[in-house]
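One-letter residues, chain by chain:
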Amino acid sequence: MTRAVCPGSFDPVTRGHLDVIGRTARVVEEVVVAVGSNQAKTALFSPQERVEMLSEVCAPWDNVSVRLFSGLLVDFCVSEDIDVISKGLRNGGDFDYELQMAQMNRQLTGVETLFVPTSPEWAYVSSSLVREVATLGGDVAALLPERVVARTLARAAERRAARD
Ligand code: PNS
């Protein structure tokens, strides 16, 4: 049985993420969505909130589960018996960054990474741009799963109010 991990910050989960998770779930037996923290980014949601939202939007897939992780992704893969890391690629910038991580991860434990080309309609979507646009009052509803829209708009409004 092949178990794949879809790792990310998911702050918040976007329709682009769901595209990659869903397509991964069609080609492997089990997918673990692993929510990590990228120290370089200022978060909109706590890791636990991100797990909650992901669990809701991934519920329709029987073979997808959601977990929090910290530390090295390769250590999570070993402890969870994961064979392969699945990563979406939107553009050449992603490729350069992801290739380096894939090679490092393989050097560390031998875990393989498979790249999923993002569907073109989501190629420009990133959580960081969603956070920026939402926090400045822009409309991001089309880029997010329905269940995540209201929570993102509310949190962005809180941030705006705290800043102004
Ligand atoms: O959605 P993001 O911010 O691109 O997700 C990044 C994440 C959390 C998947 C990445 O930072 C990660 O794998 N962190 C775990 C720490 C780690 O293993 N670092 C070495 C990578 S070669």
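Structure shown above.
Attention in this report is confined to the structure presented alongside it. Bear in mind the structure is a predicted one, so any value in this text is a computation, not a measurement. (Residues numbered from 1 in each chain as written. Predicted model: local features only at pLDDT ≥ 70, side-chain atom pairs only at ≥ 80, totals over all residues. Heavy atoms only, no water.)

Overview of the site of the ligand
At step 1: Taken together, Pro7, Gly8, Ser9, Asn38, Lys41, Phe69, Gly71, Leu72, Leu73, Met101, Met104 and Asn105 make up the full set of residues adjacent to the ligand.
At step 2: The side chain of Ser9 places a nitrogen or oxygen atom 2.6 Å from an oxygen atom of the ligand.
At step 3: At a separation of 2.9 Å, an oxygen atom of the ligand approaches a polar backbone atom of Leu73.
At step 4: Here the ligand loses 78% of its free accessible area of 550 Å² to cover by the protein chains.
At step 5: The set of elements that each furnish at least two residues to the shell around the ligand consists of β1 (3-8) and α4 (92-109).
At step 6: A total of 3 residues in the shell around the ligand trace back to one element, the largest contributor, which is α4.
At step 7: Class assignment of the residues belonging to the shell around the ligand gives a composition of 6 nonpolar, 5 polar and 1 charged. (Near = heavy atom within 4 Å. Polar contact = N/O pair within 3.5 Å; in protein donor to acceptor, adjacent residues only side chain to side chain. Areas by Shrake-Rupley, 256 points an atom, 1.4 Å probe, with all protein chains shown as cover. Helix = DSSP H or I, 4+ residues; strand = E, 2+ residues; numbered from the N terminus. Nonpolar A, V, L, I, M, F, W, Y, C, P; charged D, E, K, R; others polar.)

Description of the sheet that holds β1
At step 1: Taken in spatial order, the 5 strands of this open sheet run β3-β2-β1-β4-β5, and their pairing is parallel. Both edges of this open sheet fall to β3 (64-68) and β5 (112-117), since each of them pairs with a single strand only. Pairwise comparison of adjacent strand axes, ignoring direction, gives a mean angle of 30° for this sheet.
At step 2: Note: β1 against strand β2 (residues 30-35), 6 bridges, orientation parallel. Bridged to Pro7 within β2 is Ala34. (Pairing = 2+ DSSP bridges. Axes fitted to C-alpha atoms, helices over the stretch in contact; angles between N-to-C directions.)

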